[in-house]
Each structure stands twice: as C-alpha cells, then as structure tokens.
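The chain contents come next:
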Amino acid sequence: MAPRIQLERAAWSWADTVKPEDVTEEHIEKAYRIRVPACKRVVCRRNCKGNPNCLVGIGEQGWLGEIDENSFHNIDDPNSEKRDKNKFVGLTNLGATCYVNTFLQVWFHNLELRETLYLCQNSRAEEHNMESDYEPQSICEHLQYLFALLQNSNRRYIDPSGLVKALGLDTGQQQDAQEFSKLFLSLLEDTLSKQKNPNLQNVIQQQFCGQSAYVTVCNQCGRSSLLPSRFYELELSIQGHKQLTECITEFLKEEKLEGDNRYFCENCHSKQNATRHIKLQTLPRTLNLQLMRFVFDRQTGHKKKLNSFISFPEVLDMGPFLEEKDEKCVYELNAVLIHRGISAYSGHYIAHVRDGRTKEWYKFNDEEIEKMEGKKLQLGIDDDIAEAKSQTRKPKCSKGYHCSRNAYMLVYKQQTEGDSNEKITEEVPAFLQKLVDRDNRKFEEWCIEMADMRKQSVDKGKAKHEEVKELYKLLPAEDGQPFEFVPLEWLKKWLDDSSLTKSIDNSKFLCSHGKLHLDKIGDIKRISAKAAEHLFKRYGGSPRLDRSSLCKECVVQQCRVLRLKNQLNKDYKEVSSLMKIPVKSNEGFWVGKASLRCWRQLALEQLEDSQKETHQPNGKTNGEGPEISALQDTDSKDQENEEMKTFNEDILCLHGGMSISVGEKKLISHDVWSRLKVYFPSAPEFAYNQDACQQCIMLEREGKENEALNRMMAIEQKTNLLNLFQDRNRPTLHKWPQDTDVLYIVSLFFVDEWKKFIRKPTKSSPVSSIGNNVLLCPHGGFMFTYESMVKGDAQHVVLLWPSEWDVINRLFLVDQPISIYRLSENIQNTTNVHYRTQPELCLDCREGLIFQQQRDLQEYTQATVYVRKVTNKRIMKESAPELNVSGSDAEDEREELKIEGESDPDFYQSGDGAKRQKLGEFVRSSTVMPISQKSGIRRSTRHRKLRGEKALIVSANQTLKELKIQIMHAFSVAPFDQNLSIDGRCLTDDSATLGSLGVIPECVIFLKADEPLTDYAAMDDVYQVCMPEEGFKGTGLLGH
C-alpha cells in the first residue's frame, strides 16, 4: 500500500479543481478514503493507518494460523513440577539461602545421619495419634520433616522455609557457609546428646569427630607435653599451595616457639625455646576438609576470596599423616562444595554429591539437579568462574584427581570392606510419613487444579478461536454494501485477548458537527455492517458511525482551507515582487516590520486554527475530554502573551493606537495591503497620514524627564557618599576607630539596592527610605551583639561613620536609627571598654535565633557539601574564592544574586516605599552565609568549585559510613582508604551522623586517600560490607 502521505494527497487531489460549494458525495467518499482498495495479507506486512480498509496486521495472525494450545493460557504444565522416577528432590532458594541448601543435601546423603534423625525420639509426635494433626516446631523436628520430604516427596523441589524460619536466618543475606556448617553440627550434637537411646547420643562424634593433640617439645630438656583435642573438620590453608596433600602437611608442620612466644617448661621451671605441632590420633568416618578460601585481608580490613587452583584426589590416603597408622585411613571423595563468584560477600553455592547407594555423582543447584555421566565427578564450567583479571590457567589433572579454584569444602568418606550402607535402613517414621503423604495429596490436588485451569483456558481459547476466525472473514466491507466504523485500538485489543474486551467507544472520533472527524480516519477501520452488528450486539457501545456519519461540512471547510493555502503561495510571490516597487510618501499603509517578515506563517496558522475550530467537537479537542481542552486553552493563552498571533500587533500600543517607534514599522503600497487584508481582515489598519498615539508620546516625554532627574539624584548621592559606594575607608568592629565612640548601622539590603540605583539610575528605581526594622525583633530589640557581629553577623549590616549618617538622614527616610557605642571606664588606673547598641539587645529573641541556627545546622535534608581530594604533593588550602576575582566580577556576582524586591516574596513593600526583607527569612539565611571579617564588604555566598572537587547531596541524619560510600562512587576510593577532615578536624566515627560531626551545608570536606588497592575487584566486597557484619547473631544456631 502507498505511504500515508501519498494516501493523504490522493484523498484531496480534487480540491484544486472543485470549489467548496460544488462538493459532492463522491468527493466526500474520497476525503474519507472509502474507495481505497483493501490490503492483502500476503502483500501488506503491517497495518496501514492511512487506509481505513486495511485490516491486516491488527493481531489476526494468531487466530488464522494453526492452533497452539499454549497460547490460550499462561499456566505451566503441572507435570513439570513432579518428581521423576529415581531422581532426587531439590530445594528452593529463598533469596540468599543457597549455602544452606548445599549443606542440607550433603547431610541428607549421609545415610547414617539420616537414619539417626529418623530414630530420634519425638515426644510431641508421640502425644499425637495417627488421626490428629502434628506440625513440626523445633529445629530438629523441621530437619526430620525436611529429610522425609527429600526422600519421599512427589515434588521436583520442596520449600525449606520451615527449617530456615526455625533457625531464624535472614533469607536476604548470604552468610559464611563454613561457619553455618560448624554451628549446625554443634546444634545437632547438642540435640542428639539429650536422646534417651545411647546409640544416638554419640552419632555426631562417631561420624564427624576425630582426635588430635597439640604436641610441644622443649628444646632444652626434650620433655614432650601433650594437649588432647577434638576436631570436626580440618581447616586447611590453601595460600601458596597447589595440592591438597601440601595443605595437610602445612597444617601438621612444626611451629617454633621462640622469643616472646617461648614455652614455659615445667621440667626446666623456666621459659625455653620449643617446637609445637598437631598430631592426628584418630580420624572420623566422615572427614570434612575446609579449604580456607575466605581469609582476612589486613590491608582492607575485610574478608576476601582466594581463587587459586587446588588439586585433590578421589581417593585420599591419610596414613602418612597419622602418628600411628590405622587400617581405616583410606577415604573416598563423597562431596565437593563449590562457591561460584569472586567476592567473599556474594556469589552462588552448589554441591556435587555422590549417592551412597548407587555411587553416582549428582550436581545440586537449588531446585535443579543434574546427574553426572558415567558415575564420575565432573566439575565442568561451574568451576571456571573466577576473577576477570586473572590469567591463571587451569592446570592439568592426573587420573583420579580433580582441580578446582572454587571448591571450599571437601567431604571424604572412610573406605570399608563391602557396602556398609546395605545395613542402613533409612525408613521414614510413620508420623513423618503422614506429613509427607498429606503434602503429596495437596500437591496432587494442586496439579489437578492447574490441569483443569489449563483445560478450561484451552477450551475457551478454542471456542473464541473459531468465533474470531469466522468473524474476521466478515470484517471487510464490500463495495456498495452498508458499512460502519470501529476504533483500530479496540479491534487490536479484541484480537489480543490478553486484556478484557470493553465496549466500543466512538465518542473520541466525532467532529464539532457530531459526525466522523476527518483527522481521525487513521485511527478507525471500516467494516461491514453485518460484522458491526455482531460486535455491538455482543460488546455494546456507542455512537455507531455509518455512511450518514461522513461530515460534508468538514469536507467543505477543508477544501476551502486547502484552496486558500494554494492561493497563499501565489500571493506570497506577488507581494514579494510588489514590495520591491518604491512607495510614495503620500499614500499607502503602515505595517509592522515583524508582521511583514512572517505574514505568510501567520496566515497559515490562522487557516489551521480555523480548521481546528471547525473540527473540534463540543467540549472536546481531537477526541480528548474537556479537562484536557481546558489545559490546552490555558497553555495557548500563556503563549499568546509571548508570541505574536495577529498581523500588525507589533506596532499596536497599549492604548490601541499606533506605536511611536519609527524603526518598527514600514510603509507599503495599497496593492500590497489589499492582498494582505484578504488573509487578515481584522488586522489593525493605519493609513500613511495617521499620527502615532498621543498618550505614548506624552509618556515618553515624561520618562525622559524622570531619567534626567534620576541621573542628577544619583550623581548627588554618589558624591556625598563616595566612600560608601566604593567600599573605601570603612569602619570595622574588631578594630574600633579611635576618633569616634559611635557608629551607625544600616541593613546590607539597603546598601545593595542603593548601589544598584547609583550604577544604573535610568533602569533602577531610586531608594527613598531605609528599612532597618528587618534588623530588629518583633519587640523592637536589636538581634545581634557586638561579639556576634565581630564573629560573622556583621555580614548582614553595614557600618556608617557619623558624618555619613548625617547625609543618610538628610537624603533618606529612616524608620529606625540603629547605633553602637563604645563606653570606656577607668577603674584603678585600668581602662575597661564595653559596647552597647541602641536599641538594646533582646536576649530572648537572640537565644531563639541561636537555637534556630543550631537546629538548622543539624536537621538539614538534601543539602550540598563539597568533597575536595588532596594529595601529599599538592595540598589545597581552603581559601575565600571571592578574593581571587576582580572587582568587576564581584559586582556582577552581586547583581546576579540580587532580586527585585517587588517580585520577590521574601521582601515586602512598606508604606514609604522602602523594600524590606522579611525577618523570618533573614534569620534563617544567617545560618548558611559564610563569615566575613570586614563589615561593609560583601562576600559572595556562592561556592566556587575548584579542580579535584565534587558536590554531593547529603542529609544531617546520614552516617559518616554512608557518606564514605558516596565518596567511593564519586572518587573510586574505598572507605577504608579515606581520611576525611573538615576545618582541621578528622572525621573518624563511621556510625556518627553528619549533623553531630559538624558537617553543615555548603562546607568543604577534605579527602586524603591512602595507597589504592592492588586489586580493585575488592571494591565489590567493600560495598557489600557497608553495614556491620553480625553473622549468625540472634539466630537459632546460637541458641536464640
């Protein structure tokens, strides 16, 4: 199909040759594109919005093709959730509980431990008969139930939330897996030790506990001291090693006790040099070897992961490491626990476990379980995820060995003659099997329910498929047959079927005459009357648009507009030619130069506006509601104040006459004006002999006189107060002048306004009065003390000499004189000097001001502070940046910061015309302005950023630790490498808030960074430990 623009042109191709009054039904059908051929599905790939007869690409593809039952529902096949025969059951990851799932799978496959748990006496279960319900409560009871589900559940994976909740674990925080293993086994040992059956009390010791001893030998006398100990796993350091046997050897190697670490020998009765080593005496049936991949980094102060490769055998002979070799010292690899990821604080845990019955290897990855081929351990790609920067290649492994850079725990099982597991019968107790059967029934009911829901959705989809398929064939409207219009979007939603089909709403497509809007022809589709009757009968809706809804009035108006647009191009060329002919001074009309430059654009806009007015429906614009129309009308009114909308309005004055500005208007001929008048019949008309507005002439004359008076006034005031204007020879409080005992005070706001007038007397209003009330409290007392003004409050006021005050009193109206006196007293040949203000200080309001200042400094939110990075080679001193700029720059900055009082809500106009700042705003502003030591000199309050400095948004209740995290992202400096200071004070308490540390808005914090980490992959670890590490504190593993 032709592009949309070509369809638009074809629809109105007749407008050039047909007058508006000659429009016929044929022209109306062309304008509404009734006779445009319908698109074919093979040729047209997407819907043509310009063609109301195109019904291709609106979502019909899914209904006309082959039936896909899965498209009728979004319910997964419940059979996929069922456990396959001879397959193990997975565990759901509750967020960050993969480390728990791996150990649970390892312990479940320890058949002796599973059998022991099933044999544990459960007094609560015994109190319930088979008919009553029993629910697990304690940790041991939940573990029993979990193992029973793992053994006999029909589900593909189960939810361990009962056990996790009983343990009190945070499902969103990943904990230390090795610590979890130790604490959990310790908890089991304590629970089993309380059993009445003596065969169960020592199962944990028999399975996991070995005997060792710390052997210390005195170098002087040779005396050997033995300290027995028990172990449940061997913690092996892997740093600097490649083989597991090397790690065990280092674990057992001799340690020299020398110097301050010398050993006190009871035989020698003194401290002597000695050697100490660990002696393995007996080994457990299950040997847990913890590979210490997560170590403490002294440089960063946090844990990090070692990603070095370690080779370990499938069969481990522990004989060489025993003092007294036992026959049962050969072990077979039974499980490998993997941590995938480079960080010690994140990543994913999986387990490779060998089935005790079949000797086959399985990979347990939460819900997913994969069986290894050929009864062999295959670590595969799961062990290749490591640090991106590492160039270490995986070493070649000998037969019977495996290499891993992510294995953090190895579980070896003692080799025995025959199959020791044959004697183990891990039969689920009846009370647990009852719970499992109940869960299986619920699961089966859920599967049946899901299957029924799938079937219902499929049946419903098939029925609608047939309905839509038949109805879609009826949609195309045949030539000469009755037709109606329906919205395109409604048809798409009807065919989409993913959302509820609503009634058909055609009200958005009506013009002002209540018929079909011409501009909406691309948003609707023409369908057969038979199909429309079926759709409206089933889904309802209104109004119905048929052939009688084609609007002749809109077509006639559009025809008229198009003809005027075509005529406009011809008239524009003729006007351009006529403008080149000189115009006599005694004929023609005045027009605005700006109007003349854009008259063609103005004419087009007027034609389009008239077209929109004709097409607008009652209370709606282009199908939108009255609320939207009101908003658009408001916007258009605002734009009319800024842009020219009417021809010749640029030379129309406020009084309705012709503007007095000669440079803005031009004289044109009568021929040019007659052509322009066709397009702008209501434009203001000014003949060549018409005078300019007399009121404007009078106002211009008065304005020039006022400017002359203002210049004279400014010259006089500047001459009399030259030092005040130039900030020269100003009195200061910290060094009181010797030749006077009194100084006068005015607000800085008055001086700034006065200087603005002196610089630009023709553009600024003269200052007639001084509003000193802003410096007083509501009780009429002064708000500042002598000491506070010396320390910084003087930046809000300007000090005047007595001679200047006399001039001020003569030139301006003063609402309240304010002065400060120096009083001297001679007591015992000692001169005591103190100061007093008039009016005197109001103590209550002064205390309130100080309290407000302190509270504002400690309760700010979303404030800006600046962090400046410094180095040893280049220490950047904090200085006043405004002292480095020129005088003209400072003046310009003051001009930028000053705001006209008439339009600023922070200032009010007094009865005598003085502009005064509100007291409340003045008091609040005093809390953030920088301190100035010289009164009378205004410093810039705008912070000038220096090189190496960045702005951060902070709040007073934010901790220093959180600020360091922000700085880490801004400067790539880890928090433990940051040394922060402000005003010479070091900021060290990470838990303290910024408000309590004295960090105020607009302050500069200096950052000195220590030497960076050699491995910046650890930055991820830093981010993870921004909060204190609590481990398993408060959980059931610690008895809570």
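Residues numbered from 1 in each chain as written. Predicted model: local features only at pLDDT ≥ 70, side-chain atom pairs only at ≥ 80, totals over all residues. Heavy atoms only, no water.

1. Observations concerning the overall build of the protein
In plain terms, the rule: Only DSSP runs of H or I with at least four residues qualify as helices, and only runs of E with at least two residues qualify as strands; both kinds are numbered from the N terminus onward. Whether two residues touch is decided by their heavy atoms; if any such pair falls within 4.5 Å, the residues are in contact. Using the Shrake-Rupley algorithm and a 1.4 Å probe, accessible areas are obtained, with residue cover drawn only from the displayed protein chains.
Within the protein, the regular secondary structure consists of 30 helices and 41 strands. At a minimum sequence separation of 6, the contacts of the protein that also span at least 24 residues come to 74%. Of the accessible surface of the protein, which amounts to about 56,000 Å², a share of 48% is contributed by carbon and sulfur atoms.

2. A closer look at unusual backbone geometry
Among all residues save glycine, negative phi is the norm, and among peptide bonds the norm is trans. The peptide bond linking Ser542 to Pro543 adopts the cis configuration, its omega dihedral lying at -15°. Within the fold, Pro543 resides in the loop between strand E24 (541-542) and strand E25 (545-546). Cis peptide bonds are those with omega within 30 degrees of zero, and the linkage from Gln838 to Pro839 qualifies with 5°. Looking at the secondary structure, you find Pro839 in the loop between strand E34 (830-838) and helix H26 (843-858). In this structure, Lys359 is a non-glycine residue whose phi angle is positive, near 65°.

3. Things to note about the packing of helix H7 (residues 139-152) against helix H13 (residues 430-474)
What counts, and what does not: Note on geometry: axes are lines fitted to C-alpha atoms, helical ones only across the stretch in contact, with angles between N-to-C directions running from 0 to 180 degrees. What sets the label is the angle itself: under 35 degrees gives roughly parallel, over 145 gives roughly antiparallel, 65 to 115 gives roughly perpendicular, and the rest give oblique. Working rule for handedness: look at the near helix, and if it is turned counterclockwise from the far one by less than a right angle, call the crossing left-handed; if clockwise, right-handed. Residue classes follow a fixed rule: Ala, Val, Leu, Ile, Met, Phe, Trp, Tyr, Cys and Pro count as nonpolar, while Asp, Glu, Lys and Arg count as charged, and any other residue, Gly among them, counts as polar.
One way to put it is that H7 packs onto H13 with a least axis distance of 9 Å and a crossing angle of 60°. Put simply, H7 runs oblique to H13. H13 is crossed by H7, and the crossing has right-handed handedness. Contact with H7, carried on its side by Gln144, Tyr145, Ala148, Leu149 and Asn152, involves Phe431, Leu432, Gln433, Leu435, Val436, Asp439 and Asn440 of H13 and no other residues of that element. For the contact of H7 with H13, a count of residues per class yields seven nonpolar, four polar and one charged.

4. Considerations on the nonpolar core
What counts here: Each nonpolar core is a collection of buried residues, namely Ala, Val, Leu, Ile, Met, Phe, Trp, Tyr and Cys, held together in the definition by side-chain atoms within 4.5 Å. Throughout, exposure labels follow a simple rule: accessible area from a 1.4 Å probe, protein chains only, divided by the maximum for the residue type, with under 20% read as buried, over 50% as exposed, and the rest as partly exposed.
Of all hydrophobic cores here, the largest spans 63 residues; its most connected members are Trp107, Leu167, Leu169, Phe180, Phe184, Leu337 and Leu1037. Among the elements that make up this core, the one with the highest residue count is H7 (nine residues). Aside from chain neighbours lying at most four places away, what touches Leu167 is Ile139, Phe180, Phe184, Leu187, Thr1035, Gly1036 and Leu1037. Among the nonpolar cores identified, the runner-up in size contains 35 residues, and Leu280, Leu291, Met318 and Tyr412 belong to it.

5. Observations concerning the state of the cysteines
Note the threshold: By definition, disulfides here are pairs of cysteine sulfur atoms that lie within 2.5 Å.
Inspection of the entire model under this criterion finds one disulfide. Between Cys777, a free cysteine, and Cys845, which holds the nearest cysteine sulfur, the sulfur-to-sulfur gap is 3.6 Å. For Cys777, a relative accessible area of 6% translates into the label buried.

6. A few points about the pattern of salt bridges
When their charged atoms lie close together, side chains carrying opposite charge are able to pair. Just so we agree on the cut-off: Salt bridges are defined as contacts in which a side-chain nitrogen from Lys or Arg sits within 4 Å of a carboxyl oxygen from Asp or Glu.
Counting across every chain of the model gives 26 salt bridges. With a closest N to O distance of 2.9 Å, Arg544 and Glu484 form a salt bridge. Within this pair, whereas Arg544 is found in the loop between E24 and E25, its partner Glu484 is found in strand E21 (residues 483-487), the two being separated by 60 residues in sequence. For Arg544, a relative accessible area of 35% puts it in the partly exposed group.

7. Observations concerning the side chain of His27
Our working rule: Here a polar contact is recorded for every N or O atom pair within 3.5 Å, except that within protein the pair must consist of a potential hydrogen donor and a potential acceptor, and residues adjacent in sequence are included only if both atoms are side-chain atoms.
Inspection of the secondary structure puts His27 in helix H2 (residues 25-31). Under the relative-accessibility criterion, His27 is labelled buried at 13%. Only 3.1 Å separates the side chain of His27 from the backbone nitrogen of Thr24, close enough to count as a polar contact.

8. As for the pairing of strand E26 (residues 589-592)
Defined as follows: One bridge is not enough; two strands pair if DSSP finds at least two bridges between them.
Bridge analysis of E26 against strand E27 (residues 665-668) gives four bridges, and the strand direction is antiparallel. Considered in E27, the bridge of Val591 is made with Lys666. The pairing of E26 with strand E28 (residues 686-687) spans two bridges and is classified as antiparallel. The partner of Trp590 across the bridge, within E28, is Phe686.

9. Description of the sheet that holds strand E3 (residues 210-218)
The strand order across the open sheet built from four strands is E4-E3-E9-E6, with neighbouring strands paired in antiparallel fashion. The open sheet is flanked by strand E4 (224-231) and strand E6 (255-257), the only strands paired with a single partner. Ignoring which end each strand starts from, the neighbouring axes of this sheet average 30° apart. With eight bridges joining them, E3 and E4 adopt antiparallel strand pairing. Paired with Ala213 across the two strands is Pro228, which belongs to E4.

10. What to know about the packing of aromatic side chains
Put simply, the rule reads: Between the rings of Phe, Tyr and Trp (Trp by its six-membered ring), a pair exists once the centres lie within 6.5 Å; its type follows the angle of the planes, with under 30 degrees stacked, over 60 edge-to-face, and the other angles tilted.
Scanning the entire structure with this criterion turns up 30 aromatic pairs. Considering the side-chain rings of Phe88 and Tyr362, the 5.0 Å spacing of their centres and the 90° angle between planes classify their relative orientation as edge-to-face. Of the two residues, Phe88 is situated in the loop between helix H3 (61-64) and strand E1 (90-91) and Tyr362 in strand E17 (residues 361-365); the sequence distance between them amounts to 274 residues. A single burial state applies to Phe88 and to Tyr362, both of which are buried.

11. Quick notes on the sheet that holds E28
Spatially, E27-E26-E28 is the arrangement adopted by the three strands of the open sheet, whose pairing is antiparallel. Since the sheet does not close on itself, it has two edges, and those belong to E27 and E28, each with one partner.

12. Quick notes on the environment of Val18
Along the chain, Val18 turns up in the loop between helix H1 (4-11) and H2. Judged by relative accessible area, which is 12%, Val18 ranks as buried. Considering only alpha carbons, one finds Val18 and Arg560, 542 residues apart in sequence, at a separation of 9.6 Å.

13. Structural notes on the packing of helix H5 (residues 111-119) against H7
Packed helices, taken two at a time, are described by their axes: the angle between them and the distance between them. Relative to each other, H5 and H7 sit at 120°, their axes nearing to 10 Å. Between H5 and H7, the crossing angle belongs to the class labelled oblique. Taken as a pair, H5 and H7 cross one another with a handedness that is left-handed. Residues Arg114, Leu117 and Tyr118 of H5 form the contact with H7, whose own contacting residues are Cys140, Leu143, Gln144, Phe147, Ala148 and Gln151.

14. Points about the confidence of the model for the protein
Rule in force here: The predictor attaches a confidence to each residue, called pLDDT, with possible values from 0 through 100.
Chain-level statistics for the protein give a pLDDT mean of 79 and a share of 81% at 70 or above. Mean pLDDT across the elements of the protein bottoms out in strand E36 (residues 907-909) (36) and peaks in E21 (94). Here residues 617-642 is modelled with pLDDT under 50, and outside its nearest four sequence neighbours on either side it reaches 23 contacts, counting other chains as well. Contacts of residues 873-941 to residues separated by more than four positions or lying in other chains number 119 contacts, the stretch itself having pLDDT below 50.

15. Some details on the environment of Glu685
Considering the arrangement of structural elements, one finds Glu685 in the loop between helix H20 (670-679) and E28. Here Glu685 falls in the partly exposed class, since its relative accessible area comes to 42%. In this structure the C-alpha to C-alpha distance between Glu685 and Asn648, which are 37 residues apart in sequence, comes to 8.1 Å. When sequence neighbours within four positions are dropped, the list of residues in contact with Glu685 reads Phe589, Trp673, Lys677 and Gln690. Here the side chain of Glu685 touches Trp673 through a polar contact of 3.4 Å, side chain to side chain.

16. Remarks on the side chain of Arg293
By the secondary structure assignment, Arg293 is in the loop between strand E10 (286-291) and strand E11 (294-297). A polar contact of 3.0 Å, which involves the side chain of Arg293, links it to the backbone oxygen of Ser404. Within the structure, Arg293 has its side chain in polar contact with the backbone oxygen of Ala407 (distance 2.5 Å). In contact with Arg293, not counting residues within four places along its chain, are Ile238, Lys304, Lys305, Leu306, Asn307, Ser308, Ile310, Ser404, Arg405, Asn406, Ala407 and Tyr408.

17. What about the pairing of E34?
Where strand E33 (residues 818-827) lies against E34, nine bridges are found, and the strand directions are antiparallel. If you follow Ile820 over to E34, its bridge partner there is Thr837. Here E33 folds back onto E34 in antiparallel fashion, the turn holding two residues, of which Gln828 has a positive phi close to 55°.

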